[in-house]
Amino acid sequence: MNNLKIAKQLPFSVLIKRVFKKIFPSQKIDYSEIEIRRSASNYTINSLLNINELKSVISNEVISNYLNHKFDLLGSGWESRNTKRELELNTEHHFFAQNLFRHISGNYQFIGWQLDVRSNFHFNVKKQFDDQKINQSKNVDIKNCWELGRLQHFPQMALAANNLSNKDEIILEFKNQSLDFIVSNPIGMGVQWACAMDVGIRVSNWLVAYDLFKQLDNGNLLDDVFTLIFTDSIHRHAEFIMNHLERKEGAAGNHYLFNLVGILFITSYLSEKEETLTWRRFAENEIQKEIFKQFFIDGGNFEGSTTYHCLSAEAMLYATALMLRNDKKLPEEYVELLSQSYQFIQNVIKPNGEMPQFGDNDSGRLFVFDKNLLNYESLLTGFGGLFGNKEGTFLEQTMISQISKNKKIKNSLKGIEKKFQLRDAKHQVQKPKTTTIKFDSNIDVKKIKTFSYAEFGIYVFKSDDFYLAISAISNKKMHHSWGHVHNDKLSFDLQVNRKDLVKDPGTYYYSSFPEKRNEFRSVKAHNGIIVKEVEQNKAIGLFYLDREVKCKVLEVQDLSMTLQVNYYGVEHVRKFTIQSNQLIITDYCNKSFKVNINKFDKYSPNYGVCEKLN
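Conventions and cut-offs
- Sequence positions are assigned chain by chain, starting from 1 and proceeding in written order.
- Residues qualify for local features only when their pLDDT is at least 70, as the model is predicted, and side-chain atom pairs are given and counted only at 80 or more; totals for whole chains, interfaces and linings, by contrast, use all residues.
- Note that water and hydrogens are dropped before the side-chain values are worked out from all heavy atoms of the structure.
- A pair of strands is treated as paired once DSSP finds two or more bridges between them.
- Only DSSP runs of H or I covering at least 4 residues are called helices, and only runs of E covering at least 2 are called strands; the numbering of each starts at the N terminus.
- Axis lines are fitted through C-alpha atoms, for helices just across the contact stretch, and the angle between N-to-C directions can take any value from 0 to 180 degrees.
- Here, two cysteine sulfur atoms that lie within 2.5 Å of each other are counted as a disulfide.
- Only protein chains enter the accessibility calculation, which uses a 1.4 Å probe. A residue is then buried if its area is under 20% of the maximum for its type, exposed if over 50%, and partly exposed in between.

A. Spotlight on the sheet that holds strand β9 (residues 492–496). Spatially, five strands are ordered β6-β7-β8-β9-β10 in an open sheet, and the strand pairing comes out antiparallel. Of all the strands in the sheet, the pair left with one neighbour each is β6 (449–453) and β10 (499–502). Across the sheet, the mean angle separating the axes of adjacent strands is 15° when strand polarity is ignored. Bridging between β9 and β10 involves three bridges; their strand directions are antiparallel. Bridging from a neighbouring strand, Gln495 pairs with Asp500 of β10.

Below, the structure written as structure tokens:
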């Protein structure tokens, strides 16, 4: 039944392509029977960055953990990932593995790349990526392995090594971990190849780290033999991504963006050959198409999630910098929409730099330099490196400037403010209910600005000491699955004097704990109303919603806003009134209801983390 419902939601052209693909599947690449690695000796690796201009923001304690193979990923805490040195590989991969063992330090402890540390479940490196079986009874989270395999700790290690006395130790560790990954994860085998998005993120971080480490390597620890092995693996990453693009028959999402970003990093770092130039042109052309498919005209992303907007915007940021570096001429409409996506973040984040968690949040980033993954000020300064803004000194701003060869594009957009006319709002039959949230101190209401993103579905009232964001995310032009959307319509985030008074609970988990997944995206988890057991959109599995809900703005007058939401016979109208000392919320509904503000007692600031609220 779910498959039929999903089929009905697919765009017709996509449905036809999927049916055709089912009937006439493409030939599958068999990675398990033969060792297909080969030398990429005709390639060299360029340098894009200057480490002496990049400031490290990583603590010595974190680097020490990495040296001891401890990683804090997706709520795991600092867990050791050490495993035995003897690898369980297919016979066809043994010869290559034995050759690589000779280049790894004898006292090096191997990392368990196939282990989900929270469930203690091991994926099978003897089977290829699309033949991995998960024990559903163990609450296995495949994302825990993928997060480790993104190698996002490598650039952190390189930046820190520039200022630490044990620089050579860190460089040698990078070499050993790199060889460890290559020998422990034959191309296409095991969990680390199950998602081409993660392959793209991995190869981007790996190349940046190699670039930085090579500049520090006075002792030639990263010698010609290692460089050849490393270059070969990068080349194989490119081939894998190109063979497994996540286009989804033309209905792609953020995954596809990171496939393309990975290709752009590879083809910018590897020496220019006919092959790499062909890949680069493909990625550049696809990126310029996808921005118009995945971002609305107001700049909001079509995934229906504020943090996924930031994730996709980060992909577009680095893709644009790489295209500028390679002298790609960018159309004016591309630059304008990219500017809109940047200003969306600028206008929607809270005064403390954090993004409200409307929709899913899996804590995803391309590069990770900030421990607070809800804070996106560094991403804004990254855009500053593209637009030539002077404010801020974040690492990302310098990185973008260096990657783009200091080429800039013009951001001439202004903030979006829109007023709405009153519509008929006099048809409610239930008595209204009023909720008042008092402030500790008065705010200056004259400084509040209004930002409207009607296509994305978010409305913001904001000043230095006040923040109110309202979710109305319900555009039928969003990604057809609504897979990252929550049942949060007319829910809101409220922050006064940089203190959260009302906030979205986040996401917590995806497929490893289905009941938690559904709990955190339900109406009961959000700051709206509850009508018996009615959800705003019925769930179709874990990554599809029924797309039932409809939202519209009825009125905006000065510092009050009235919105309406309809779903399954429920009509809910909510009015927000901002005063200097309080926020007043007035709810009307055509059915019996309960107000559900600050009633959910759990909060997930990052994926895999859950805190108990008082």
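Continuing now.
B. Here's a closer look at the state of the cysteines. Evaluation of the coordinates by the stated rule reveals zero disulfides. In this model Cys310 remains outside any disulfide bridge; the closest cysteine sulfur is found in Cys195, 20 Å from its own. Lacking any disulfide linkage, Cys589 is separated from the closest cysteine sulfur, that of Cys551, by 13 Å. Look at Cys589 and you get buried, because its relative accessible area is 0%.

C. Quick peek at the pairing of strand β13 (residues 560–567). Along β13, seven of the eight residues are buried, which leaves the element largely enclosed by surrounding structure. Pairing analysis gives seven bridges linking strand β12 (residues 550–557) to β13, with the strands arranged antiparallel. Directly across from Glu555, in β13, lies its bridge partner Thr562. Counting the residues between successive antiparallel strands, the hairpin from β12 to β13 contains two residues, one of them, Asp558, with a positive phi of roughly 55°. Hairpin connection, β13 to strand β14 (residues 570–578): the antiparallel pair is bridged by two residues, and Tyr568 has positive phi, about 45°.

D. View of the environment of Lys126. With respect to the helices and strands, Lys126 occurs in the loop between β4 (121–122) and α5 (142–149). Residues Lys126 and Ser32, spaced 94 residues apart in sequence, show a C-alpha to C-alpha distance of 7.2 Å.

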